[in-house]
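Commentary on secondary and tertiary structure
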Amino acid sequence: MAHDDNGVSASTVLVPFLAGAALGAGLALLYAPKSGREVREQIGDLADDAVDKIKEYAREAQDKIKATLEDGKETLMEKKSILSSAIEAGREAIQKEKEKLGV
């Protein structure tokens, strides 16, 4: 996830912002000069929209986490392969030096 200079992720700021926006919109509807039925319908629509957006952001975050984990696994496997090769080369070098010294 993207981080700014303070180490705060975008989702840490975005989710509370969206929640505040939804709450503000709901309060505006409550104080609007409309019938109770119209207000309830609008609040229901806003709540449905908010839930859909939150689910979408959660899916996006989950996809990003999965992609990051997969990248990490690939990197780990590459580093493990390089390290194994280096260890094997070191063992072979030690063995050759032992043979040279007759040990």
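As shown above, the structure is provided for reference.
These lines cover the structure that appears in this document, whether it is placed above or below. (Residues numbered from 1 in each chain as written. Predicted model: local features only at pLDDT ≥ 70, side-chain atom pairs only at ≥ 80, totals over all residues. Heavy atoms only, no water.)

**So, the overall build of the protein chain**
Our working definition: Numbering of helices and strands runs from the N terminus; a helix is a DSSP stretch of H or I covering at least four residues, while a strand is a stretch of E covering at least two. Accessible area is worked out with a 1.4 Å probe on protein chains only. A residue is then buried under 20% of its type maximum, exposed over 50%, and partly exposed in between. Accessible surface area values rest on a Shrake-Rupley calculation with a 1.4 Å probe, where residue burial reflects the displayed protein chains alone.
A count of helices and strands for the protein chain gives 2 helices and 0 strands. The 103 residues of the protein chain split such that 5% are buried. If you sum the accessible surface of the protein chain, you get close to 8,700 Å²; carbon and sulfur atoms cover 60% of it.

**Describing the pattern of salt bridges**
How we decide: In what follows, salt bridge is the name for a side-chain nitrogen of Lys or Arg lying within 4 Å of a carboxyl oxygen of Asp or Glu.
Counting across every chain of the model gives 3 salt bridges. Where Glu-70 meets Lys-73, a salt bridge forms, and the shortest distance between an N and an O atom there is 3.9 Å. Of this pair, Glu-70 and Lys-73 both sit in helix H2 (residues 36-101), 3 residues apart, which is roughly one turn of the helix. For the salt bridge of Lys-100 with Glu-97, the shortest nitrogen-to-oxygen distance reads 3.6 Å. Taken together, the residues Lys-100 and Glu-97, both in helix H2 and 3 residues apart, mark about one turn of the helix. Lys-100 gets classed as exposed once you look at its relative accessible area, which sits at 66%. A residue is classified by how much of its surface remains accessible, and Glu-97, at 41% relative accessible area, is partly exposed.

**Details of a nonpolar patch on the surface**
Applied cut-off: In this scheme, patches are assembled from residues that exceed 30% relative accessible area and form no salt bridge. Like charges are connected within 9 Å, while nonpolar side chains (Val, Leu, Ile, Met, Phe, Trp, Tyr) are connected within 5 Å.
Together, Leu-23, Leu-27, Leu-30, Tyr-31 and Ile-43 line one region of the surface with nonpolar side chains, adding up to about 550 Å² of accessible area. If one sorts the elements of the nonpolar patch by residue count, helix H1 (residues 10-31) sits on top with 4 residues. Tracing the backbone shows Leu-27 in helix H1.

**With respect to a negative patch on the surface**
Convention followed: In summary, the charge assignment counts Lys and Arg as positive and Asp and Glu as negative, without counting His or the chain termini. Each charge is placed at NZ for Lys, CZ for Arg, CG for Asp and CD for Glu.
On the surface, Asp-45, Asp-48, Asp-49, Asp-52, Glu-56, Glu-60 and Asp-63 cluster together into a patch of negative charge. Mapping Asp-49 onto the fold places it in helix H2. In this structure Asp-49 comes out as partly exposed when scored by relative accessible area, which is 42%.

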